[in-house]
Amino acid sequence: MSYTIVSDVCEAKADCIPVCPVDCIHWIKDKQWMNAKGTASTYIDNETCIDCGACLAACPIEGAIIDEWKPELQKV
Ligand code: SF4
Ligand code: SF4
């Protein structure tokens, strides 16, 4: 299992990146990809994620991270 970052809801605050204990949150195409809001977005490497929930607790944007794996919502 894995959490998911909803690419078009994320606002690139990056609060999630430093709290991930396994360093599995990265920028989509090194911040070159822009979402529907016109911001960069991060994504979760689902093969490394350990479902700890730290990213969701740290994210200030409601709905940007969900506690289940929905690959159709997350670009990489
Ligand atoms: S998922 Fe949340 S904390 Fe992480 S970059 Fe997007 S808006 Fe910021
Ligand atoms: S749930 Fe935990 S391991 Fe998975 S991306 Fe979020 S902080 Fe990282």
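The structure contained in this document is the topic of the report that follows. (Residues numbered from 1 in each chain as written. Chains lettered and ligands numbered in written order. Predicted model: local features only at pLDDT ≥ 70, side-chain atom pairs only at ≥ 80, totals over all residues. Heavy atoms only, no water.)

A look at the site of ligand 2
Where we set the bar: Proximity is defined per residue: any heavy atom of the residue falling within 4 Å of a molecule or strand makes that residue near it. Here a cavity denotes a set of grid points, spaced 1 Å apart and computed over the protein atoms alone, in which a 1.4 Å probe fits but from which it cannot get out, and a pocket denotes an open set meeting protein on both sides within 12 Å along at least five of seven lines; residues with an atom within 4 Å of a point are reported as lining. Cavities and pockets are treated as containing a molecule whenever more than half of the molecule's atoms lie within 2 Å of their grid points. Under the grouping applied here, Gly and all other residues not named as nonpolar or charged are polar, the nonpolar ones being Ala, Val, Leu, Ile, Met, Phe, Trp, Tyr, Cys and Pro and the charged ones Asp, Glu, Lys and Arg.
Looking at ligand 2, there are 14 residues lining it, with C20, C49, C52, G53 and C55 nearest. Of all the cavities here, the one that holds ligand 2 is the second largest cavity. Within the shell around ligand 2, the residues separate by chemical class into twelve nonpolar, one polar and one charged.

Considerations on empty space enclosed by the protein
Definition in use: Grid points are joined across faces, edges and corners, and a volume is the space filled by probe spheres set on the points.
Taken as a whole and assessed by the stated rule, the structure comprises two cavities of 30 Å³ or more. Roughly 90 Å³ of volume is contained in the largest cavity. Taken together, 14 residues make up the lining of the largest cavity; nearest its centre are C10, K13, A14, C16 and C59. Among the residues forming the lining of the largest cavity, the class breakdown is ten nonpolar, one polar and three charged. When its volume is computed, the second largest cavity comes out at roughly 70 Å³. C20, C24, C49, C52 and C55 are, among the 13 residues lining the second largest cavity, the residues nearest its centre.

Considering the side chain of T4
Going by this rule: Every helix listed is a DSSP run of H or I at least four residues long, and every strand listed is a run of E at least two residues long, numbered separately from the N terminus. Polar contacts, as used here, are pairs of N or O atoms within 3.5 Å; protein pairs need one atom able to donate a hydrogen and one able to accept it. Residues neighboring in sequence count only if both atoms are side-chain atoms. Between two residues, a contact is recorded if the distance between any of their heavy atoms is within 4.5 Å.
Positionally, T4 belongs in strand β1 (residues 4-5). One polar contact links the side chain of T4 to the main-chain carbonyl oxygen of E68, over a distance of 2.6 Å. Non-local contacts of T4, meaning those with residues more than four positions away in its chain, are made with I44, A64, I65, I66, E68, W69, K70, L73 and Q74.

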